[in-house]
Amino acid sequence: MRGATSVARLLPTPHAQALFLGAAAHSVLPLDRKGTAGFGLGLLGLAHTHGWPFPRGGSQAIADALAARLRELGGRIETGHAVASLRDLPRSRTVMCDVTPRQLLALAGDLLPPRYRRRLERWRYGPGVFKVDYALDGPIPWRAAEVAHAATVHLGGSPAEIADSERAPWEGRNAERPVVQLAQQSLFDDTRAPPGRHTAWAYCHVPHGSTIDVRGSVEDQIERFAPGFREGVLACQTHDTAAMEKGNANLVGGDISAGATALARLLRPLPYRTPLPWLYVCSAATAPGPGVHGMCGHLAARAALRRADPSFEG
């Protein structure tokens, strides 16, 4: 339950402290908040035991594999239909909603009892992200050659700079030197770019709903550790919080975590079951929370199967 900054002080060098705080920054919280140390410990533990894998061909490959499996089992997928209300859906025994509380309120409306609606209305969202996608004429020219061996890179500088960067969005400001989360997956996956070229993407945390263009700050931070980076940029596309939410309505105000990951939310996540016996929530607002793990949907499906068949033990 400790804050990341208090745990970092136990580490012997500033480099070790910065490594730990960079991982803890995935909490999207001020790093002195209780519980933030768990993010750093969890992510670095996984890095040691399993690495931080990514799918060949991009994240669409995961969706394609899941869709193919569903069709093998006789399922049908329909897209291109905007759903403004649960009443727009055909009658069914179970509805699984991969949405955050704001969208659930909009979809279900007065179908939900007042007490449950009030809980959804109180749901707090956190800072957003500003993201940049890059087409590059070659690998990023890192000053430290070892960085070219990592698909995921945290750029943060000193422990004090990292702590300030993650405090800034909660104070309504953009950090001068933000923590930048960068992925350079084309170094390890030749399907990501044409021969001889590369791609990368990077993002930093910004105040909720901010539409300020902070590409300059992101690139200053990359250039700080990879002099000459800008010279290799062939093209780029930026996404502020409004663009992030337009692309995915779940990213309210650019929040990629389905809500602020404060300790109270982690201890009391949104339940899979709702007061409506046929309606379930399976988004990152439920346990175990945000992350590339699919467990929210898995556990929500198990809850639905148990309600339909109390003898289910899967």
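It should be emphasised that the depicted structure is a prediction, and the values quoted were computed from it without experimental measurement.

Undergrad: What am I meant to see in the pattern of salt bridges here?
TA: Working definition: two side chains of opposite charge can pair if their charged atoms are close together. Inspection of the entire model under this criterion finds 15 salt bridges. In this structure, Arg230 engages Asp220 in a salt bridge whose closest nitrogen and oxygen atoms are separated by 2.7 Å. With Arg230 in the loop between helix H8 (215-225) and strand E6 (233-239) and Asp220 in helix H8, this pair connects stretches of sequence that are 10 residues apart. By relative accessible area, which is 46% here, Asp220 ends up partly exposed. Each of the salt bridges in this network shares a partner with another, and the network as a whole consists of Arg56, Asp189, Asp190 and Arg192.

Undergrad: Please explain unusual backbone geometry as it appears in this structure.
TA: With the exception of glycine, the majority of residues adopt a negative phi angle, and the majority of peptide bonds are in the trans configuration. Geometrically, the link from Ala287 to Pro288 is a cis peptide bond, its omega value of 5° lying close to zero. If you check the backbone angles, Val28 has positive phi at about 55° while not being a glycine. Relative to the elements of secondary structure, Val28 occurs in the loop between helix H2 (14-24) and helix H3 (36-49). Positive phi, close to 60°, is recorded for Ala258, a residue that is not glycine. Following the sequence through the fold, Ala258 ends up in the loop between helix H9 (241-247) and helix H10 (263-267). Classification of Ala258 as buried rests on a relative accessible area of 8%.

Undergrad: Before we go on, may I ask you to explain the packing of helix H5 (residues 101-108) against helix H6 (residues 114-121) in this structure?
TA: Packed helix pairs are specified by the crossing angle of their axes together with the interaxial distance, meaning the distance between the axes. At a closest axis distance of 8 Å, the pairing of H5 and H6 adopts a crossing angle of 145°. With respect to the hand of their crossing, H5 and H6 are arranged in left-handed fashion. Residues Pro101, Leu104 and Leu105 of H5 form the contact with H6, whose own contacting residues are Tyr116, Arg117, Leu120 and Glu121. Residues of the contact of H5 with H6, tallied by class, amount to 5 nonpolar, no polar and 2 charged.

Undergrad: I tried to follow the pairing of strand E4 (residues 180-183) on my own but got confused; where do I start?
TA: On a regular strand, each side chain points to the face opposite its neighbour's, so the side chains alternate between the two faces of the sheet. Burial along E4 is two-sided: Val180 and Leu182 and Gln181 and Ala183, pointing in opposite directions, are all buried. By the bridge criterion, 4 bridges tie strand E3 (residues 152-155) to E4 in an arrangement that is antiparallel. The residue of E4 that forms the bridge with Thr152 is Ala183. In terms of strand pairing, E4 meets strand E5 (residues 198-206) through 3 bridges, oriented antiparallel. For Ala183, the partnering residue across the bridge sits in E5 and is Trp201.

Undergrad: Honestly, H6 in this entry has me stumped. Any pointers?
TA: Every α-helix winds through 3.6 residues per turn, so residues three or four apart in the chain are directed the same way. Of all the positions in H6, only Tyr116, Arg119 and Leu120 are classed as buried. The arc that holds the buried residues of H6, viewed along the axis, is 100°, so those residues lie on one side. Across H6 from its buried face, at more than 90 degrees, point the exposed residues Arg115 and Glu121. Packing partners of the buried residues in H6 comprise H5 and strand E7 (279-281).

Undergrad: Is there a simple way to explain the sheet that holds E4 in this structure?
TA: Sheet strands pair by backbone hydrogen bonding; their relative direction is either parallel or antiparallel. Strand order across the open sheet formed by 5 strands is E3-E4-E5-E2-E6, with antiparallel pairing between neighbours. In this open sheet, the two strands that pair with only one neighbour each are E3 and E6. Each adjacent strand pair in this sheet contributes to an overall mean axis angle of 20°, direction not counted. Pairing geometry for strand E2 (residues 128-136) and E5, over 9 bridges, is antiparallel. If you follow Val129 over to E5, its bridge partner there is His205. Contacts from H8 reach E2, E3, E4, E5 and E6, with the element oriented near 60° to E2.

Undergrad: Looking at this structure, I do not really get the packing of aromatic side chains. What am I missing?
TA: The relation between two aromatic rings is expressed through the spacing of the ring centres and the mutual angle of the planes. Throughout the structure, instances matching the rule amount to 2 aromatic pairs. Seen in terms of ring centroids, Tyr134 and Phe229 are 5.1 Å apart; in terms of plane orientation they differ by 85°. Their pairing is edge-to-face. Highlighted residues: Tyr134 in strand E2 and Phe229 in the loop between H8 and E6, separated in sequence by 95 residues. The pair formed by Tyr134 and Phe229 is uniform in burial state, with each residue classed as buried. A centroid spacing of 6.1 Å and a plane angle of 10° characterise the contact between Trp201 and Tyr203, whose relative ring orientation is stacked.

Rules used throughout
Residues numbered from 1 in each chain as written. Predicted model: local features only at pLDDT ≥ 70, side-chain atom pairs only at ≥ 80, totals over all residues. Heavy atoms only, no water. Salt bridge = Lys/Arg side-chain N within 4 Å of Asp/Glu carboxyl O. Helix = DSSP H or I, 4+ residues; strand = E, 2+ residues; numbered from the N terminus. Buried < 20%, exposed > 50% of the residue type's maximum accessible area, 1.4 Å probe, protein only. Axes fitted to C-alpha atoms, helices over the stretch in contact; angles between N-to-C directions. Left-handed = near helix turned anticlockwise from the far one by under 90°. Contact = heavy atoms within 4.5 Å. Nonpolar A, V, L, I, M, F, W, Y, C, P; charged D, E, K, R; others polar. Pairing = 2+ DSSP bridges. Arc of directions from axis to C-beta. Phe/Tyr/Trp six-rings, centres within 6.5 Å; stacked < 30°, edge-to-face > 60°.

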